[in-house]
Structure formats: structure tokens, C-alpha cells
Amino acid sequence: MSIRTWSTGVRAAVSAGLIALVLFTAGALWLRLSIGSLDDSRNEADVAGAQALTDSLIAVRQAGKPINTRDGVFEVVHSDGRVLGSGSDIKSIEDAIGGPMLPPPTQDDSAGRIFRFPGVQTTVRPGYSTSWQAGEVYVKTIDDGQGRIAFYVPLGYPGPTSASDLDIVLWLGVPAAALLVALVAWASAARALRPVEWIRVQAADISAHSLQRRVDIPIRRLGMSRLSIGVRAGIAATLMSVGPLIAGVVWLRHAVDDVNTARFMAETRAADAAVNAIAISLNLGVPIVPTVHESTAYLYEVVYANGQTESSPAVAAAETQIGRALLPAPKENVVQVMFPGDVVQLSDDDRKWIRSLLPQVSPPVNVWKREVSTPRGTAAIYTFEVTKTDRNPAVAMDRLLIPAVPASMVLIGLAAWLGTTRALRPVEKIREQANEISTSALDRRVSVPPTRDAITRLALTLNEMLDRLENSVKVQRQFIADAAHELRSPIASLRTVLEVAHDHPDQADWLAVVRDAVTDTRRLEALAEDLLLLARLDSALPLPTTVVDLSEVAHGYVDCAELIVDGPAFVTGDAKQLDRLLRNLVDNATRHAVSTVTVCVRSTEDREILEVADDGPGIAVADRERVFDRFTRLDEARDSDAGGAGLGLAIAREIAVRHGGTLTVGDHAVFTASFPKASSS
């Protein structure tokens, strides 16, 4: 199917939808990349913290020392099913299920691996249960000569809006938003074409009998009604889009903020895991493993009571710059009781100072602290949260999303305006063509677009109306010619009689002259009355709404016809015109009857029937419709004196049609007029 044959509304919707789809797809790709970078930072932070903790535990195990710490979230499981160590949170699960929470190792994961843990739930005692939710777990294995040992560290929970979760909403939302724009454009075009359809309906009712009718012209007063249809459609579409656009932006803003919060929490977990990893190493006299130094998820500083430090490279460089440790040293042989993962309380000036030395540290400069006893004395472990994003991207995204809302509204308004304007362009072309058509060029027609919509129907209706008007003009011109011809005969006859009598007054039979003149004058009078009546019928003047009984009308012809009346037959209309209809039918039947004319009035369920028949030769089938044409005489009635002017049956049919009825002729010259029953009857 060619695009040209699509309806105007469909074409407007497709064009607007494609434009919106391209723009929304570009925006969604940018948003997805932004969220993806946040999600990658979250994953890196989680993995970095897990690596620090597992490498510290592996170092302790390889040093031949037991893993008796409960700090941190981890589990160490031997391939024979023994639990070699675990954090306090996982220990409670192990006690409840009577074994390890995570499975014994079955493969070599010495390089480290992330897998999906389905979670576990168990009943501790009636009415009380404990569980560990499903999530990702980092595992690393070593071989101790007697089997494999797996070091598990749960990575936390991805959160309700990770990048993969947003994919579903984004890639469903983009076509949905484009479809919304397309629907708005289609609705705008359909709304623009609504007056076109109303004009078409009015034009369809205009004919030769209702030339006084006019098509309604839209009146623009105050307010939006003074604006063009295209501008109004654009404003309406813009207002319709406000709610969905704001709701979508609020949701996106909330989703990005959730992803950023998940990233921030992962960086916090990484810093806390680093504290636990370093604490395990220092408590057991195991060197801090190189993985911690290489991590980009956090920085650390270990300050001993004697002022010595052991720090990550970036922190060590800052220490060299100021000539001392960044943060305070602990008191000798005094370990401050602290909860795991305590945050150091810093003043705003201290935060700014640390940021000036360590630009990698993310605001608001969260520092995690733990004090432990080591062979070298009391040590304070500090870890700094590190981020790749200095600011909340949700706030930065506001710079794009906030102006994107009015921009999208303008886009939707423009799509509606363009769709509406484009929809009305063929209407303007039809108007220009119709403006060039006059009575001297009624054979011209407006072009019909192939869109098969309201515009196509309007063009077809206008052409049909022009057909009716052209036929009406042809009929009127023929009628005038026929009327002139009919008037010429009696006028010529009258003139001839009078001129002969005038030229030969002594030889004229003045009584015969007067008699002939009176005959011709009566013919002229009858013809003038018929023409005047036809003119009134053609003018479509309103009919009286009185109720007329056809049986009473028929009783007026009891002297010249046999009556068959079933009972009252009520119709709505003009009693004089109905009487004229019956008189014309009776006169026509009388001229052709051999001996008898019959008038029958009967009723059906919803119609009143008036029949006039005669016992004459009847009318041939080929002539049964032609007899109702104006100035038509059949061969048997060519004599104008006997057959009249040929207007009687034409007048009778016009009267029947004006009363909402019909007039037909059947076999044996039976003329049947059918009318709807009067509502009051």
C-alpha cells in the first residue's frame, strides 16, 4: 500500500512518532550510559572490598593461623564441608542450619569469581526464622594440600534500580513515549478534520430543492477560538503531555538517585570491608596484602601510637607533603572500643583540608576507623571512601531533564501543529478549486486525494453536490426552453386570430374570434398556474404541519370517479396541494379511460395509500418513469388541447415527494401515491 493512500491522521502520526522515536532513543542511550557508569562503579567498589577481605583471609590461612575473627561478612568453607571461619551475621545462619550457608567448593576459583546465591531461610524455633536474601557472592579458592578452601564474601544487594532493571523500563518507555506523540498527532489531525466532516455532511444535503441552505461558518470570538485550528491543536497537545512528561522525569530522577545511592553504599561497604581486612591482618601479624594497595575503591592509612604510618600510595604521598600522618594516632596500649565501621567525626575545615590533599576522596569525606592491638603497638586504621563521581549525577542530570520537559512539550506541540496543518493542506487546495467553479463552469470538479479519510469524503461529496447542481441547472434550462415553447403556441395562436380579425374586420366572425381567444387565454392561464406551482415546489418552502384526511380529499371526486375508501387516512401536509395531486391524477385517468376511473384510499401499518386507476390502454413499461418528466406527452397524448402541457404528472410527483411520499405507475395505468402516516394518528 502506498504512503499516499494512508489517511491524513495516520501520516501525521507516523511522521511525528518517528521524529519522537529518534530523539527519545538518543536521550535513553545517554541516560543508559550514565546509569551504566554508576552501576559499574558500584560493582567495582563491591568487588574491591570483597577482594581486600578475601586476600587478607587467604594471607591469614596461608600463614597457618586460625581465622577466629567474627568481624566482617564472610564465610570460609573447606571442600570437606567444614566451616573454617565466618562473620557473626553468617554464623547465626550456620548455627540455625547446622552447617555452612554457602556450598563447599567444587571447582578452581583461584582467580576469583562472582556468582548468584539463591538465598536461604530456616526456622530457628517455632515462630522464629532467620534468612539470608539472594544476591551476588564473590568467591576465591586456594588449595591447602588436603582439599580446596573457598573464601566467600557477599557483595550486598544490587538495589531496586540497577542498570539492568532500568533497561526494561527504558526500552519499553521509549516506544511508549513515541507512541504517545504519534497518538497526539493523530488526535490533533482527527480533531482538525472534524469540521471538515461536518461541512461534508451539510454539503451532502444541498440540492436543487435546498439551494437556500448554507454551510455553517465557524465563528471565532474570544479566547482560544480566535486561534487557528493548528495552533489550538498544538496547545491542547502540549497541555495533554504535561502530566506524563513530569511523571516520567520524576521517575527517572528517582531511578538515577537510587542507582547513585547503591553506588555510594557499595563504596561504603568497600571502605568498611577494607577496615575489616586490614584489622584481620594487623591483629594476626600478617602483612597487609598488595591487593589493598592496588584498589581504587578506597584509600587507607594505618597510624601507630608512635606516629609511624603504613598507608596506601596516595595517602603516603600526602603524608610526605605535610610531614606527618593525616589523622590522629591512637594512645599507646589503649584500644578504644568501637563498633565495626565507625565513621570519624570531622569538622568542615578538616574535610576541606583532606580533600585538598586527597582529591580522589569523595565528598562529604567519609572516613572509617578501627583501633586494634598489633605486635607493633596500638594502631588506628583509617579508610577513605573513593568515588569516580564527585557529585550526585541525579543533581547534574537535572540540568538536562528540567529543560528537557518544556523542550519535549514544545516537540509534542509542534508535532500536533504540523500534523494538523498538514491535514488541512488538501482542504485549502479543494477550497481554491471550488472557488474557481461558477455557473459557467459547472462541469469542473475538485480533485479527490487518495487518502481515504474525511478529506477524500469531502471532495467526493462536493463533486456529487456539483453533479446535482449541474443536473439541476440543465433541468432548469431545459425547463425554461420547454416552458417558452409551450407558451409560444397559445400566444402565437391568439395573435394569429386577433391579427386576422384586425386585418379583415368586415369578414371576421367576432363571436368565434372571442371564443378562440378565450380558449387560448385559458390555456395560458392554466400553464402559468402550473409553472407557478412548480416554481413554488422547487423553492422548497416549508409545508403546513396540519393533519389532512385523504379520504375526505377523495370524496371531492365522487362525481367523476368510483371511490373505494377503507376508512380515514391521515397524513401531514397541505390539503390544497394534496387535492391538486389527486385532481391531476384523476384528470389524467379521465383523458385515457374507456369508461371508468377508480380512486382507492387504504392504509397499511405505517403508510397511507392513494391509488387512481382507469380502464384505458395503460402505459408501456419503458414510459412509466418518463411520464413524470416535465412537458412530457406520450404519443397518444401529443395533442396539446387534449393532453395539456405535460406538467400534470410532474406536479403530482413533486407534491408527493414534498410530503415525504412517492408516486409510481404500475400495470393497467394504476398510479399509486404512498405517504407516511401522520404522527397524531
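**Student:** Explain the overall build of the protein chain to me, please; I cannot follow it from the model alone.
**Tutor:** Looking only at helices and strands, the protein chain features 14 helices and 19 strands. Counting the 681 residues in the protein chain, one finds 44% classified as buried. Sequence separation of at least 24 residues holds for 67% of the intrachain contacts in the protein chain that already meet a minimum separation of 6. Carbon and sulfur atoms make up 57% of the accessible area of the protein chain, which amounts to about 35,400 Å² in all.

**Student:** Just checking my understanding: could you explain helix α7 (residues 348–357) for this structure?
**Tutor:** One turn of the α-helix equals 3.6 residues, which is why residues spaced by three or four share an orientation. Inspection of α7 places Arg 351, Ile 354 and Leu 357 among the buried residues, and these make up the whole buried set. Mapping the buried residues of α7 onto a view down its axis gives an arc of 130°, with all of them on the same face. Facing away from the buried side of α7 by more than 90 degrees, the exposed set consists of Asp 348, Asp 349, Lys 352 and Ser 356.

**Student:** Which parts of the structure should I look at to understand the pattern of salt bridges?
**Tutor:** Side-chain pairs of opposite charge can arise where the charged atoms are in close proximity. Under the counting rule described, the total for this entry stands at 14 salt bridges. Put simply, Glu 310 and Arg 376 hold a salt bridge, and the shortest N to O gap is 3.9 Å. Linking Glu 310 in strand β9 (residues 309–311) with Arg 376 in the loop between β11 (367–374) and β12 (377–385), this pair joins segments that are 66 residues apart in sequence. With relative accessibility at 25%, the residue Glu 310 sits in the partly exposed group.

**Student:** I keep staring at the nonpolar core and nothing clicks. Help me out?
**Tutor:** Counting 40 residues, the largest nonpolar core has Leu 581 and Leu 582 as the members making the most contacts within it. It is helix α12 (residues 575–592) that provides the largest number of residues to this core, a total of 6 residues. Those residues in contact with Leu 581, other than ones at most four positions away along the chain, are Leu 610, Ala 652, Ile 655, Ala 656, Ala 673 and Phe 675. Counting residues in hydrophobic clusters, the runner-up holds 27 residues, among them Ala 59, Phe 74, Ile 280 and Leu 284.

**Student:** Sorry if this is basic, but what is going on with the environment of Thr 451 here?
**Tutor:** Note on placement: Thr 451 falls in the loop between α8 (393–435) and α9 (454–503). Judged by relative accessible area, Thr 451 falls into the buried class, the value being 4%. With 440 residues separating them along the chain, Thr 451 and Arg 11 place their C-alpha atoms 9.4 Å apart.

**Student:** Before we go on, may I ask you to explain the packing of α12 against helix α14 (residues 648–658) in this structure?
**Tutor:** The relative placement of two packed helices comes down to the angle between their axes together with the axis-to-axis distance. Put simply, α12 and α14 touch, their axes get as near as 9 Å, and they point 145° apart. Classified by chirality, the crossing of α14 by α12 is left-handed. Residue-level inspection shows Gln 577, Leu 578, Arg 580, Leu 581, Asn 584, Leu 585 and Asn 588 of α12 in contact with α14, the latter providing Gly 648, Leu 649, Ile 651, Ala 652, Ile 655 and Ala 656.

**Student:** Please explain the pairing of strand β1 (residues 75–78) as it appears in this structure.
**Tutor:** Two faces, one strand: in a regular strand the side chains alternate between the faces of the sheet. The two faces of β1 match: Glu 75 and Val 77 on one face and Val 76 and His 78 on the other face are all buried. Of the pairings in the sheet, the one linking β1 to strand β7 (residues 148–154) comprises 4 bridges and is antiparallel in character. Its bridge partner being in β7, Glu 75 is matched across the sheet by Tyr 152.

**Student:** Looking at this structure, how should I read the confidence of the model for the protein chain?
**Tutor:** Low pLDDT marks regions whose predicted coordinates should not be analysed in detail. With 86% of its residues at a pLDDT of 70 or more, the protein chain has an overall mean of 79. Across the protein chain, the element-wise mean pLDDT spans from 48 in helix α13 (residues 640–643) up to 94 in β1. This model gives residues 636–643 a pLDDT under 50, and the stretch forms 9 contacts once residues within four places in sequence are excluded.

**Student:** When you look at the sheet that holds strand β14 (residues 562–565) in this model, what are you seeing that I'm missing?
**Tutor:** Adjacent strands of a sheet form backbone hydrogen bonds with each other and so pair up, either parallel or antiparallel. Spatially, 5 strands are ordered β14-β16-β17-β19-β18 in an open sheet, and the strand pairing comes out mixed. Whereas interior strands pair on both sides, the edge strands pair on one side only; in this sheet they are β14 and β18 (662–665). Going from strand to strand, the sheet's axes swing by 15° on average, the running direction of each strand aside. Relative to strand β19 (residues 671–676), β18 runs antiparallel, the two being bridged by 4 bridges. Looking at β19, one finds that Leu 663 is bridged to Ala 673. Across the face of the sheet, α12 comes into contact with β16 (597–603), β17 (607–614), β18 and β19 while running at roughly 25° to β17. Against the sheet, α14 contacts β18 and β19, and its axis sits at roughly 140° relative to β18.

**Student:** Would you explain a nonpolar patch on the surface in this entry?
**Tutor:** Together, Val 231, Ile 235, Leu 239, Val 410, Leu 414, Trp 417 and Leu 418 make up a nonpolar patch on the protein surface, roughly 610 Å² of accessible area in all. If you list the elements that add at least two residues to the nonpolar patch, you get α4 (229–283) and α8. When residues in the nonpolar patch are grouped by element, the largest group, 4 residues, is from α8.

**Student:** What is the right way to look at the packing of aromatic side chains in this model?
**Tutor:** What describes a pair of aromatic rings is the distance from one ring centre to the other and the angle between the planes of the rings. Per the counting criterion, the structure on display carries 2 aromatic pairs. When the centroid spacing of 6.0 Å and the interplanar angle of 75° are considered together, the rings of Phe 115 and Tyr 152 count as edge-to-face. Linking Phe 115 in strand β3 (residues 113–117) with Tyr 152 in strand β7, this pair joins segments that are 37 residues apart in sequence. Summarising the burial analysis for this pair, Phe 115 and Tyr 152 share the class buried.

**Student:** Explanation requested: the pairing of β17 in the structure shown.
**Tutor:** Burial analysis of β17 places 7 of its 8 residues in the buried class, the great majority of the element. Where β16 and β17 come together, 7 bridges link them in antiparallel fashion. For Cys 600, the partnering residue across the bridge sits in β17 and is Glu 611. What sits between β16 and β17 in their antiparallel hairpin is a turn of 3 residues. With 6 bridges connecting them, β17 and β19 associate as antiparallel partners. Its bridge partner lying in β19, Leu 610 is registered against Ala 673.

Cut-off values and rules
Residues numbered from 1 in each chain as written. Predicted model: local features only at pLDDT ≥ 70, side-chain atom pairs only at ≥ 80, totals over all residues. Heavy atoms only, no water. Helix = DSSP H or I, 4+ residues; strand = E, 2+ residues; numbered from the N terminus. Buried < 20%, exposed > 50% of the residue type's maximum accessible area, 1.4 Å probe, protein only. Contact = heavy atoms within 4.5 Å. Areas by Shrake-Rupley, 256 points an atom, 1.4 Å probe, with all protein chains shown as cover. Arc of directions from axis to C-beta. Salt bridge = Lys/Arg side-chain N within 4 Å of Asp/Glu carboxyl O. Core = buried A, V, L, I, M, F, W, Y, C linked by side-chain atoms within 4.5 Å. Axes fitted to C-alpha atoms, helices over the stretch in contact; angles between N-to-C directions. Left-handed = near helix turned anticlockwise from the far one by under 90°. Pairing = 2+ DSSP bridges. pLDDT = per-residue confidence, 0-100. Patch = residues over 30% accessible without salt bridge, like charges linked within 9 Å, V, L, I, M, F, W, Y side chains within 5 Å. Phe/Tyr/Trp six-rings, centres within 6.5 Å; stacked < 30°, edge-to-face > 60°.

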